[in-house]
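Here's the letter readout for the chains.
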Amino acid sequence: MSDRVPVSKTYKLYLGGAFPRSESGRTYPVSDAKGRFLANAAQGSRKDLRDAVVAARGAFGGWSGATAYNRGQVIYRVAELLEGRREQFAAEVAAGEGVPSRRAESLVDTAVDRLVWYAGWTDKIAAVLGGANPVAGPYFSFSVPEPTGVVGVLAPQRSSLLGLVSVLAPVLAVGATAVVVTSQDRPLPAITLSEVLATSDVPGGVVNLLTGHTAELAPWLAAHADVNALDLTGAPAELRADLERAAAGTVKRVLRAPSTEPDWQERPDIRRLRPLLETKTVWHPMGV
Amino acid sequence: MTWEYAPAPESRAIANLKPGYRMFVDGEFVDGTGEPLKSVNPATEEVLAEVSTASAADVDKAVKAAHRAYDKTWGRMPGAERAKYIFRIARMIAERARELAVLESLDNGKPIRESRDTDVPTAAAHFFYHAGWADKLEYAGYGPDPRPLGVAGQVIPWNFPLLMAAWKIAPALACGNTVVLKPAETTPLTALVLAEIIQQAELPPGVVNIIPGAGDVGAELVNHPGVNKVAFTGSTEVGKVIQASLAGTGKKLTLELGGKAANIVFDDAPLDQAVEGIVNGIFFNQGHVCCAGSRLLVQESIAEELLDRLRARVSTLRLGDPLDKNTDIGAINSREQLTKITELVAAGEQEGAQRWTSPCPLPDKGFYFAPTVFAGVTQSMRIAREEIFGPVLSVLTFRTPEEALAKANNTPYGLSAGVWTEKGSRILWLADKLRAGVVWANTFNRFDPTAPFGGYQESGFGREGGRAGLEAYLDV
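Parameters at a glance
- Residues numbered from 1 in each chain as written.
- Chains lettered and ligands numbered in written order.
- Predicted model: local features only at pLDDT ≥ 70, side-chain atom pairs only at ≥ 80, totals over all residues.
- Heavy atoms only, no water.
- Helix = DSSP H or I, 4+ residues; strand = E, 2+ residues; numbered from the N terminus.
- Rg over C-alpha atoms; globule rule 2.2 N^0.38 Å.
- Buried < 20%, exposed > 50% of the residue type's maximum accessible area, 1.4 Å probe, protein only.
- Contact = heavy atoms within 4.5 Å.
- Lys, Arg positive; Asp, Glu negative; His and termini not counted.
- Charge placed at Lys NZ, Arg CZ, Asp CG, Glu CD.
- 1 Å grid on protein atoms, 1.4 Å probe; cavity = no way out; pocket = protein on both sides within 12 Å on 5 of 7 lines; lining within 4 Å.
- Points joined across faces, edges and corners; volume = space filled by probe spheres on them.
- Nonpolar A, V, L, I, M, F, W, Y, C, P; charged D, E, K, R; others polar.
- Core = buried A, V, L, I, M, F, W, Y, C linked by side-chain atoms within 4.5 Å.
- Domains from an automatic or database assignment.
- Buried area = accessible area lost by both parts, 1.4 Å probe.
- Salt bridge = Lys/Arg side-chain N within 4 Å of Asp/Glu carboxyl O.
- Pairing = 2+ DSSP bridges.
- Axes fitted to C-alpha atoms, helices over the stretch in contact; angles between N-to-C directions.
- Disulfide = S-S within 2.5 Å.

Summing up its helical and strand segments, chain A has nine helices and ten strands in all. In summary, chain A has a C-alpha radius of gyration of 20 Å against a globular reference of 19 Å for 288 residues, a match within 12%. By the burial criterion, 55% of the 288 residues in chain A qualify as buried. Contacts in chain A between residues at least 24 apart in sequence constitute 77% of all its contacts with a sequence separation of at least 6. For chain A, the centre of its 31 positive side-chain charges and the centre of its 29 negative side-chain charges are spaced 2 Å apart.

With that settled, the discussion passes to empty space enclosed by the protein. Residues and elements named next belong to chain B. Considering all chains together, one arrives at eight cavities of 30 Å³ or more under this definition. What lines the largest cavity is a set of 16 residues, and nearest its centre among them are Ala408, Gly414, Ser416, Arg435 and Ala436. Among the elements of the structure, helix 13 (401–409) and strand 16 (416–420) are those that each provide at least two residues to the lining of the largest cavity. Across the lining of the largest cavity, the residue classes tally to eight nonpolar, five polar and three charged.

This part covers the nonpolar core. In terms of nonpolar packing, the biggest core is built from 119 residues, with Ile89, Phe127, Ile169, Leu173, Val265 and Leu310 of chain B touching the most fellow members. By residue number, the principal contributor to this core is helix 5 (residues 161–174) of chain B, which donates eleven residues. Built from parts of two domains, this core gets at least three residues from each of domain 1 (12–257 + 456–473) and domain 2 (262–441) of chain B. Membership of the second largest hydrophobic core comes to 56 residues, among which are Ile75, Val99, Val151 and Val196 of chain A.

In this section: the interface of chain A and chain B. Taken together, the contact pairs 38 residues of chain A with 45 residues of chain B. Interface area lost by chain A to chain B is led by Val251, Arg274 and Trp283 of chain A, which between them contribute 21%. Where chain A touches chain B, the interface holds two salt bridges. For Glu471 of chain B, the salt bridge identified is with Arg274 of chain A, shortest N-O distance 3.2 Å. Contributions of two or more residues to the side of chain A that touches chain B are made by helix 5 (125–129), strand 4 (139–147), helix 9 (240–248), strand 9 (253–255) and strand 10 (277–285) of chain A. Of the residues forming the side of chain A that touches chain B, the biggest block, eight residues, is contributed by strand 10 of chain A.

Among the structural elements, Leu129 of chain A can be located in helix 5. Here the alpha-carbon distance between Leu129 of chain A and Trp283 of chain A, two residues 154 residues apart in the chain, equals 17 Å. Setting aside residues no more than four positions away along its own chain, Leu129 of chain A makes contact with Pro145, Ile270, Arg274 and Leu277 of chain A together with Arg467 of chain B.

Residue and element names in this part refer to chain B. Burial along strand 14 (residues 372–375) is two-sided: the face carrying Thr372 and Phe374 and the face carrying Val373 and Ala375 are both buried. Sheet topology places strand 13 (residues 354–357) next to strand 14; four bridges connect them, and they run antiparallel. Paired with Trp356 across the strands is Val373, a residue of strand 14. Inspection of the sheet shows strand 14 paired to strand 15 (residues 392–398) by three bridges, in the parallel sense. Within strand 15, the position partnered with Phe374 by the bridge is Ser394.

Quick look at unusual backbone geometry now. Residue and element names in this part refer to chain B. In this structure, Asn442 takes a positive phi of about 55 degrees despite not being glycine. Topologically, Asn442 is positioned in the loop between strand 17 (438–441) and strand 18 (460–461). Non-glycine residue Asn445 carries a positive phi angle of around 55 degrees. Mapped onto the fold, Asn445 is located in the loop between strand 17 and strand 18.

The next thing to look at is the side chain of Lys168 of chain B. Locating Lys168 of chain B in the fold gives a position in helix 5. The class of Lys168 of chain B is buried, set by a relative accessible area of 1%.

Within the open sheet, the ten strands sit side by side as 3(A)-4(A)-10(A)-17(B)-16(B)-11(B)-12(B)-15(B)-14(B)-13(B). Their pairing is mixed. Looking at which strands have only one partner, the edges of the open sheet turn out to be strand 3 (131–133) of chain A together with strand 13 of chain B. When the angles between neighbouring strand axes are averaged without regard to direction, this sheet yields 20 degrees. Packed on one face of the sheet, helix 9 (residues 271–283) of chain B meets strand 11 (262–265), strand 12 (295–299), strand 14, strand 15 and strand 16 of chain B and runs near 170 degrees to strand 11 of chain B. Running at roughly 155 degrees to strand 10 of chain A, helix 14 (residues 424–433) of chain B makes contact with strand 4 and strand 10 of chain A together with strand 11, strand 16 and strand 17 of chain B of the sheet.

Looking now at the state of the cysteines. Residue and element names in this part refer to chain B. A complete count under the given rule lists zero disulfides over all chains for this structure. In this structure Cys291 is a free cysteine whose sulfur lies 4.8 Å from that of Cys290, the closest cysteine sulfur available. By relative accessible area, Cys291 is classed as buried at 1%.

Below, the structure written as structure tokens:
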């Protein structure tokens, strides 16, 4: 046993590619599953959230305009770096979720595999969902799926890493950008994930992670006019209808949440990609 | 010498106009217990017919009938059998095409040329296209056995009354849903003739129910707890109200809302073709088109020449009797809409845009608005931001492709856009960057059942047409 005192980490927000504290100066204590203090997390504010939307909007052109091959490689790179930090994540997941370490390792492994699964979708989804339209006239018409824009994500409350990766990876895969409100009580793996994102060629602003009180931040996210879609997966049950109502103010695409958090270890499908995509139809006359 | 047009009126008798129309519920035409409405010919302001409307109790009856039909017949029927019913509807629309076109022009005010050549044939095509899907849904990419949702509550606008009914009903039926549809208050007649066709095609009772009425009937329908899916086409304002009212209900929703499309003309565009495209883009259906090219963005170097040619061409458009086969611009659908157009045009003048209005004569009676082009429009003006839904074009200029793109995307809407240039790479660059659900390059206002249609942003969500359009009516 060494007498050395470990250097513990300050958990901050991940915003526009940087790691600021909350502009509000607030933090809140995070405990493990047994109630022991783990760390102080930044308690993101409405202003932090609006800054995050600005960062996500700013990053949208570059990320949506990147080639699908490039996006696939970047997401695959995230998987590589997550794999490299497997033990650190397993320890954080075990502490936060109160699961045995073997189970925590399995959850991390599945998160890595999930990223690999979505990495492979970037350059295939357009062929699966798009195509040529055989219109009755002398025109060439085709339809392609395109990312909807900035996606507000209320991350799952229970599954702090696998759940988060399962809702975030599809946003990245389609070329959209994300403002994520992490699990309120289990936020630490999200912030460690942001360190992975920051070092894996995901451009700054493409993913923005806010820790804090979901019920405080969610209404601002739902009502923000520069957010195109809202994922309610981690929304508190009693707020869901209100959040959907707020989202209607700017006709947001809403991913409704099942009443219980899904089993994230189930095989994924493209249901999480489709609602983040718009179909664009292009026409041009044919002739000599 | 000037060659005058001789009148070429289509026969009004072909419409088989009846003094009264009744709603269609559970396979029967019945009297609604709502306050009857009078459908008016906007070209003459005469009352065409009295139409019974639905009360809340009638909405409930219709939804229950649709549920019974879903549980007992339609929801269980093999797709191949559903298909044959839908094919029948397509064929019978084609058989009665001339009657439907005349009735549509009477009730809506649109030129017979458009109802005859666009609305009615495209409506038939939608049924024909979707009929073929009914027994092939496992190939649509939504899994091996995609299931319908149940009862679809559908609310449609007055600008393409029959065509919108077809866009809504055909995919719903193909996917195995049953339907309660509310046509617009001012244009209920062709939907009720469609009901007659559906009855003659012997669809099981309750599979399609058509209940006329005003906005309150629509609200009653979309909020009815027995409705599983809501589809709405109309204004963004009402779309937001519907989306908010469905919050927390779990009902699947698709919205096709307003637009403020940019039609971008570059200096290398073939100008004569572009002028035709601009005219078609904004004056088709009197501009009562959600995807109308209402913001013309023209490259500064050709702005003057293009505007001269445009004004000359617009001066030749013939405004008047919708039943005359030579008419280009028919009647504005209602006094209310005419007031809205007039108000926004006044705002354009007040805000300093230069108005030019075609010197064409206006009929003494009826609701008409002469085609109008505003030059010198800036992005902050109401006529550049708000949907006018009338024959009014706002012209802005740009210098570089980047500026054109930025201006085109500077709107909360995102339904459609147009691009005119001979440069292929520029078309594809813009088609990629424009935030709009439909991009027409060197053409405008093309519609086809195989081509998905729908908006980005506040122009709504969900698609109509094509493989993508089936998602709206499947539990996937």
